Amino acid sequence: MTPVFLAILCLGMASSSPAPDPVSDAEWQKWKLKHGKTYSLEEEGQRRAVWEENMKKIILHNGENGLGKHGFTMEMNAFGDMTGEEFRKLMIEIPIPTVKKGKSVQKRMSIDVPKFINWKKKGYVVTPVRRQGRCNSCWAFSVIGAIEGQMFRKTGQLIPLSVQNLVDCSRPQGNRGCFIGNTHLALQYVKENGGLESEATYPYEGKEGSCRYNPDDSTASITGIEFVPNNEDALMNAVATIGPISVAIDARHESFLFYKRGIYYEPNCNSSVVTHSMLLVGYGFIGEESDGKKYWLVKNSMGTRWGDRGYMKIAKDQGNHCGIATYALYPRV
């Protein structure tokens, strides 16, 4: 397998400026208090203008019957003071080369996979949603989730693993901490290092520091890395038979930033461009399977106040929507 360098920049922050709407004063103050936002006098006007513009877009989307017309609703969240342009600048577009088909996944291809899988409901396989904060460490959270699931399959224990260990220590493999990262290189680090600490011994700080890995505190290890073939059938088989899978999608859109619930479908998504890593934990459908309302269930790393308590449903079997199957992989343990 030729290593594929996919750099992932996760999420970020904001600018813009007309006169504030006095009608929204109370909502603005309430939002700032809820998310702990404070600004200088000059910055307050700019951020509020951005927030009001985002609020209008959210109201318009939901007013057009979000779940009916669009299939999903949007909601104001902690990213409300960020412009779409600022958000996109924190992402980078990297073409994804064709990845050789992983033999292990191909061997396990099965016609008899269940119609629904939700590893989240089997709470002993998926740890609680965490928040990456201002550090672009989505790649590390995605990889940690995949290792946690495989370690549970091997040991019967679900132990939250250290994202910070990856952020601080995988620079020799090519990652750059809170700036940019790659899921394959993160797994390569764990394999070459011979171990990974737990969250308990190496807690998340949301910033890059010096590597403090202690082999005496190693809690998990992997023996190899497998790519899932770039198609939704293989991805469905993988998540059903293997467990949670590390994936990446094109998340450059405001609709993603303010997603709340429902099946996410963004017409401007590009299946060849992925910018944000998440953890695929299941799939299913709403209503009749034949009506096209199929979805992938993914766990994000933006906290429980984003999306549906930190989770998102993405349109399934819609031409690899947003690149959900473009860059999927998991560890062997």
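Details of the structure are given in the entry above.
Residues numbered from 1 in each chain as written. Predicted model: local features only at pLDDT ≥ 70, side-chain atom pairs only at ≥ 80, totals over all residues. Heavy atoms only, no water.

Caption draft 1: Geometry of the pattern of salt bridges. Within the structure shown, the criterion is met by 19 salt bridges. In this structure, the salt-bridge partner of K57 is E254, at a minimum N-O distance of 3.0 Å. Note that K57 is positioned in helix α2 (residues 41-63) and E254 in helix α10 (residues 254-257), a separation of 197 residues in sequence. The closest approach of N and O atoms between R309 and D308, which form a salt bridge, is 3.6 Å. A relative accessible area of 59% places R309 in the exposed class. Because the salt bridges share partners, they merge into one network encompassing D25, R48 and E52. (Salt bridge = Lys/Arg side-chain N within 4 Å of Asp/Glu carboxyl O. Helix = DSSP H or I, 4+ residues; strand = E, 2+ residues; numbered from the N terminus. Buried < 20%, exposed > 50% of the residue type's maximum accessible area, 1.4 Å probe, protein only.)

Caption draft 2: Layout of the pairing of strand β10 (residues 311-315). Most of β10 is tucked away: four of the five residues are buried. Pairing between strand β7 (residues 259-264) and β10: two bridges, direction parallel. In the sheet register, I263 faces β10, and the bridge partner there is K313. (Pairing = 2+ DSSP bridges.)

Caption draft 3: Focus on unusual backbone geometry. The phi torsion at D317 lies on the positive side, around 60 degrees, for a residue other than glycine. Phi is positive for N320, which is not a glycine, with a value near 55 degrees. With respect to the secondary-structure elements, N320 resides in the loop between β10 and β11 (329-332). What makes N320 buried here is its relative accessible area of 13%.

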